[in-house]
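Architecture and fold: a report
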Amino acid sequence: MLKLRKNKKGFTLVELIVVIAIMAVLAGTVAGVTVSQLNKQTDNTAKSEMSTLVSQIKQFMLGLTFGEGKGYDYKTFADAVKAFADDVNKNDGAGSLVTDSLPVAGKHQFKYTVTDTETAKTVVFECQSKSKKSENLSLTYKYEDAFAEA
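To start, this report covers the structure provided alongside it. Fair warning: this is a prediction, and the values are worked out from it, not measured in the lab. For every chain, the first residue of its written sequence is number 1, and the numbers climb from 1 along that sequence. Predicted model: local features are reported for residues with pLDDT of at least 70 only, side-chain atom pairs are reported and counted for 80 or more only, and whole-chain, interface and lining totals are derived from all residues. Remark: hydrogens and water are excluded; side-chain values derive from all non-hydrogen atoms of the structure.

What follows covers the overall build of the protein chain. Helix and strand content of the protein chain: three helices and four strands. Using a 1.4 Å probe on the protein chains alone, a residue whose accessible area is under 20% of its type maximum counts as buried, one over 50% counts as exposed, and one in between counts as partly exposed. The 150 residues of the protein chain split such that 24% are buried. Any two residues having at least one pair of non-hydrogen atoms within 4.5 Å are treated as being in contact. When contacts within the protein chain are restricted to residue pairs at least 6 apart in sequence, those whose partners lie at least 24 apart make up 47%. For helices the rule is a DSSP run of H or I covering at least 4 residues; for strands it is a run of E covering at least 2, with both sets numbered from the N terminus onward.

Here the focus is the nonpolar core. The nonpolar core is taken to be a set of buried Ala, Val, Leu, Ile, Met, Phe, Trp, Tyr and Cys residues, with the residues joined through side-chain atoms within 4.5 Å. Judged by nonpolar contacts, the single largest core of 24 residues is most densely connected at I57, M61, L97, V123, F125 and Y141. Counting residues per element, the ones that place at least two in this core are α1 (13-61), α2 (77-90), β2 (109-116), β3 (121-128), β4 (136-142) and α3 (143-149).

As a further point, take α2. Here, expected helix span is obtained from the residue count minus one, scaled by 1.5 Å. The first and last C-alpha atoms of α2 sit 20 Å apart over 14 residues, in line with the 20 Å expected at 1.5 Å per residue. Listed in full, the buried residues belonging to α2 are F77, A80, V81, F84, A85 and V88. Angular distribution of buried residues about the axis of α2 spans 140°; they occupy a single face of the element. Read the arc as the range of directions from the helix axis to the C-beta atoms.

We now examine the sheet that holds β2. Any two strands are treated as partners once DSSP identifies two or more bridges connecting them. Pairing in this open sheet of four strands is mixed, and the strands run β1-β2-β3-β4 from one edge to the other. Of all the strands in the sheet, the pair left with one neighbour each is β1 (96-98) and β4. Recorded for the sheet is a direction-independent mean angle of 30° between the axes of neighbouring strands. Sheet topology note: the β2/β3 ladder contains six bridges and is antiparallel. Within β3, the position partnered with Y112 by the bridge is F125. Axes here mean lines fitted to C-alpha atoms, for a helix over just the part in contact, with angles spanning 0 to 180 degrees between N-to-C directions. Those strands touched by α1 are β1, β2, β3 and β4, and its axis lies near 15° from that of β4. Together, β1, β2, β3 and β4 form the strand contacts of α2, whose direction differs from that of β2 by roughly 165°.

Each Phe, Tyr or Trp ring (for Trp, its six-membered ring) is paired with any other whose centre lies within 6.5 Å, and the angle between the two planes then decides the class: stacked below 30 degrees, edge-to-face above 60, tilted in between. Counting across every chain of the model gives three aromatic pairs. On the basis of an interplanar angle of 55° and a centroid distance of 5.6 Å, the ring pair of F60 and F84 is categorised as tilted. In this pair, F60 sits in helix α1 while F84 sits in helix α2, placing the two residues 24 residues apart along the sequence. Residue classification places F60 among the partly exposed residues on the basis of a relative accessible area of 24%.

In this section: the packing of α1 against α2. Two numbers describe how α1 lies on α2: the axes approach to 11 Å, and their chain directions differ by 120°. Classified by the angle their axes make, α1 and α2 are oblique. When the axes of α1 and α2 are compared, the crossing they make is right-handed. Residues L53, Q56, I57, F60 and M61 of α1 form the contact with α2, whose own contacting residues are F77, A80, V81, A83, F84 and V88. The labels follow the angle: roughly parallel below 35 degrees, roughly antiparallel above 145, roughly perpendicular from 65 to 115, and oblique for the rest. With the far helix as reference, a near helix turned anticlockwise by less than a right angle produces a left-handed crossing, and one turned clockwise produces a right-handed crossing.

A few words now on the pattern of salt bridges. When the charged atoms of two side chains with opposite charge come close together, those side chains can pair. The salt bridge definition used is simple: a Lys or Arg side-chain nitrogen within 4 Å of an Asp or Glu carboxyl oxygen. One pass over the structure, following the stated rule, counts two salt bridges. Between K82 and D86 there is a salt bridge; the shortest N-O distance is 3.0 Å. Here K82 pairs with D86, and both are found in helix α2, just four residues apart, close to one helical turn. By relative accessible area, K82 is classed as partly exposed at 43%. Residue D116 is joined to K121 by a salt bridge in which the shortest nitrogen-to-oxygen separation is 3.2 Å.

And the structure:
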């Protein structure tokens, strides 16, 4: 007959594997939730940066006139927006504005699109959401609305 050891020390291999598997499942769950929250925070930061850009362009456009050719005046709204974008791109740490591609949130880059017609003068700042890849984040500045707020 086999004798059972009464003074058993340590863990069996099966017990260790079960504990490691449980820890791996828990770590995977925590990592997934953490990455998801970080991506959402990146999107929120991008929205905040776009809001700052709208505030900055409002200040930039304040007092400008178009077509008069004096000092800081520009021929068109699109020319003024281009000058604003150039100014933003020159400043270190301020991010950058591009016209050709749609950057992903978190890179401090935003695509801007200008509509310059007699009835509407708008700039749309946008980037691709990091948490929802199929979604774009955008914020619109309407030149006409800026004067209605004042």
